Each structure stands twice: as structure tokens, then as C-alpha cells.
Amino acid sequence: MRKADGHETDPKLLEMLVCPLTRAVLHYDREKQELVSRAARLAYPVRGGIPIMLASEARQLEENEGRP
């Protein structure tokens, strides 16, 4: 998955990652460049093609975000 800045995120890596807090499956939001944990209501950023899996770096989801 190539971003506009030229960095690429390995799709196989994204499939292996889970939420560090809940161990739940993450959903990749390509547009926002985030890995979303619906269980934890957090969105972990992907910067330069690298997922930042720290709760302190994650964004809290809004009430209507992250729902299937």
C-alpha cells in the first residue's frame, strides 16, 4: 500500500498486528493512515509506512467512528 509520500506499508504486516491493549483485530483505514481498534476505541497512526503501536500515540475514536 503506497502513500502519497512514497512510503509503503506491507499488507502482510498489517494482517499480523493486533491491538496492544485488547489483542483484538485491527482494521486499516487507508485514507487516514490509521489502524483502528474497535474494541479499544483507538486509532493507531501509520507514519512513513510504520505502524505506531503505542496507546500514548493513538487517537481516541469519536462516538460514530469505527463502527462496521
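Anything mentioned here points back to the structure above.
Now for a look at the structure at hand. (Residues numbered from 1 in each chain as written. Predicted model: local features only at pLDDT ≥ 70, side-chain atom pairs only at ≥ 80, totals over all residues. Heavy atoms only, no water.)

A positive phi is found at Arg23, a non-glycine position, where the angle reads about 65°. Residue position: Arg23 is located in the loop between helix 1 (11-16) and strand 1 (27-29). Under the relative-accessibility criterion, Arg23 is labelled exposed at 59%. Of note, Gln33 is a non-glycine position whose phi angle comes to about 55°, a positive value. Its location among the elements puts Gln33 in the loop between strand 1 and strand 2 (34-37). For Gln33, a relative accessible area of 12% puts it in the buried group. (Helix = DSSP H or I, 4+ residues; strand = E, 2+ residues; numbered from the N terminus. Buried < 20%, exposed > 50% of the residue type's maximum accessible area, 1.4 Å probe, protein only.)

Bringing the environment of Ala43 into the picture now. Position of Ala43 among the secondary structure elements: in strand 3 (residues 42-47). Sequence spacing of Ala43 and Asp29 is 14 residues, and the spatial spacing of their C-alpha atoms is 9.0 Å. Filtering out sequence-adjacent residues up to four positions away, Ala43 remains in contact with Glu34, Leu35, Val36, Ala58, Arg59 and Leu61. (Contact = heavy atoms within 4.5 Å.)

This brings us to the pairing of strand 3. Here strand 3 lies mainly inside the structure; five of its six residues are buried. Alignment of strand 2 against strand 3, held across four bridges, turns out to be antiparallel. From the neighbouring strand, Val36 faces strand 3, where its bridge partner is Ala43. From the end of strand 2 to the start of strand 3, which pair antiparallel, there are four residues, and Arg41 there has a positive phi angle of about 60°. Where strand 3 lies against strand 5 (residues 59-60), two bridges are found, and the strand directions are antiparallel. The partner of Ala43 across the bridge, within strand 5, is Arg59. Across two bridges, strand 3 lies against strand 4 (residues 50-51) in antiparallel orientation. The partner of Val46 across the bridge, within strand 4, is Pro51. Counting the residues in the hairpin turn of strand 3 and strand 4 gives two residues, including Gly48, whose phi is positive at 60°. (Pairing = 2+ DSSP bridges.)

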